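# Structure assessment
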Amino acid sequence: MRLLAPIADPAAPLHRRNPVAKLVGAFGLVFVLIVAADPVTAAVALAAELAVVPLAGIRYGVLLRRLAPLVVAALGVFVVTLLFTTRRGGADLLPGVTVESLNTSLGMALRLVALALPGVLAFASTDPTDLADSLIQQARVPARFAIGALAAWRLAP
């Protein structure tokens, strides 16, 4: 089983879109999430991304299996940030845990998942050959770069 193999239904609306357009859309959302650090923005973005999953032709169970390492990492970020953050304002909820530390750690964990999900959706619904062709034709990247990206994508486990 290839971890990065396309898992989307080829008849899905997002699967038929231009691979470069999918990457540009993913990068646009990622840029917004890098700038905004609050948990509300990350939660809204994550909810919108999860609403788009059926348009990519991916079942939620398959997506959850693919995102399992990311969810574990997000839980780790949540716990470590909750315990070791320097933001300790607000009311005490538990010993060493305040409202501000909880908001900070929740924002970091949600933002991690919300940052990664657009890329996962874009690449899970993209064929590597279509991506290389689109990079050459629409993005006007050099053929050497596109063929290198194709080779790297095919060699990914």
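Residues numbered from 1 in each chain as written. Predicted model: local features only at pLDDT ≥ 70, side-chain atom pairs only at ≥ 80, totals over all residues. Heavy atoms only, no water.

### Section: the overall build of the protein
From N to C terminus, the protein includes six helices and two strands. Seen along its three principal axes, the alpha-carbon backbone of the protein occupies a region of about 55 × 30 × 25 Å. For the protein, buried positions account for 34% of its 157 residues. Nonlocal contacts in the protein, meaning residues at least 24 apart in sequence, comprise 68% of its contacts between residues at least 6 apart. For the protein, the exposed surface amounts to about 9,100 Å²; the carbon and sulfur share of it is 73%. Computed over 13 positive and 8 negative side-chain charges, the inter-centroid distance for the protein is 7 Å. (Helix = DSSP H or I, 4+ residues; strand = E, 2+ residues; numbered from the N terminus. Buried < 20%, exposed > 50% of the residue type's maximum accessible area, 1.4 Å probe, protein only. Contact = heavy atoms within 4.5 Å. Areas by Shrake-Rupley, 256 points an atom, 1.4 Å probe, with all protein chains shown as cover. Lys, Arg positive; Asp, Glu negative; His and termini not counted. Charge placed at Lys NZ, Arg CZ, Asp CG, Glu CD.)

### Concerning unusual backbone geometry
Even without being a glycine, Arg140 presents a positive backbone phi close to 60°. Note on Arg140: relative accessible area 67%, which makes it exposed.

### Some details on the layout of surface pockets
To find leftover empty space, a probe the size of one water molecule is rolled over the atoms. Estimated volume of the largest pocket: approximately 220 Å³. Surrounding the largest pocket, Leu14, Lys22, Gly25, Ala26, Leu29, Ala48, Glu49, Val52, Leu55, Pro118, Leu121 and Ala122 form its lining. Elements represented by at least two residues in the lining of the largest pocket include exactly α1 (19–35), α2 (39–52) and α4 (99–124). Here the element with the most residues in the lining of the largest pocket is α1; it accounts for four residues. Taken together, the residues of the lining of the largest pocket break down into nine nonpolar, one polar and two charged. (1 Å grid on protein atoms, 1.4 Å probe; cavity = no way out; pocket = protein on both sides within 12 Å on 5 of 7 lines; lining within 4 Å. Points joined across faces, edges and corners; volume = space filled by probe spheres on them. Nonpolar A, V, L, I, M, F, W, Y, C, P; charged D, E, K, R; others polar.)

### Looking at α2
Here α2 contains 14 residues, and its C-alpha end-to-end distance of 20 Å stays within 8% of the 20 Å for a straight helix at 1.5 Å per residue. Buried residues along α2 sit in contact with α1 and α4. (Expected span 1.5 Å × (residues − 1).)

### Side note on helix α3 (residues 60–84)
In an α-helix, one turn spans 3.6 residues; hence positions three or four apart end up facing the same way. Of all the bends found along α3, the most pronounced is centred on Leu67 and spans about 55°, while Pro69, a proline, follows it within four residues. Among the residues of α3, Val62, Leu63, Arg66, Leu67, Leu70, Ala74, Thr81 and Leu82 are the ones counted as buried. Of the surrounding elements, those touching the buried residues of α3 are β2 (97–98) and α4. (Bend = angle between axes of the 7 residues up to and from the residue.)

### Overview of the packing of α2 against α4
The N-to-C vectors of α2 and α4 enclose an angle of 30°; their axes lie 8 Å apart at closest approach. Of the possible angle classes, the one that applies to α2 and α4 is roughly parallel. Along this stretch, α2 crosses α4, giving a crossing that reads as left-handed. Of α4, the residues touching α2 (which contributes Pro39, Ala42, Ala43, Leu46, Glu49 and Leu50) are Asn103, Leu106, Gly107, Leu110, Arg111, Val113, Ala114, Leu117, Pro118 and Leu121. Its residues placed into classes, the contact of α2 with α4 shows twelve nonpolar, two polar and two charged. (Axes fitted to C-alpha atoms, helices over the stretch in contact; angles between N-to-C directions. Parallel < 35°, antiparallel > 145°, perpendicular 65-115°, else oblique. Left-handed = near helix turned anticlockwise from the far one by under 90°.)

### Section: the packing of α1 against α4
The N-to-C vectors of α1 and α4 enclose an angle of 175°; their axes lie 9 Å apart at closest approach. By the criterion of interaxial angle, the relationship of α1 to α4 is roughly antiparallel. Note on element contacts: α4 touches α1 through Arg111, Ala114, Leu115, Pro118, Gly119, Ala122 and Phe123, opposite Lys22, Leu23, Ala26, Leu29, Val30, Leu33 and Ile34. The class makeup of the residues in the contact of α1 with α4 is eleven nonpolar, one polar and two charged.

### Points about the side chain of Thr98
Looking at the secondary structure, you find Thr98 in strand β2. Taking relative accessible area as the criterion, Thr98 reaches 4% and is therefore assigned buried. When neighbours within four sequence positions are excluded, Thr98 is seen to be in contact with Arg87, Arg88, Gly89, Gly90, Ala91, Asp92 and Leu93.

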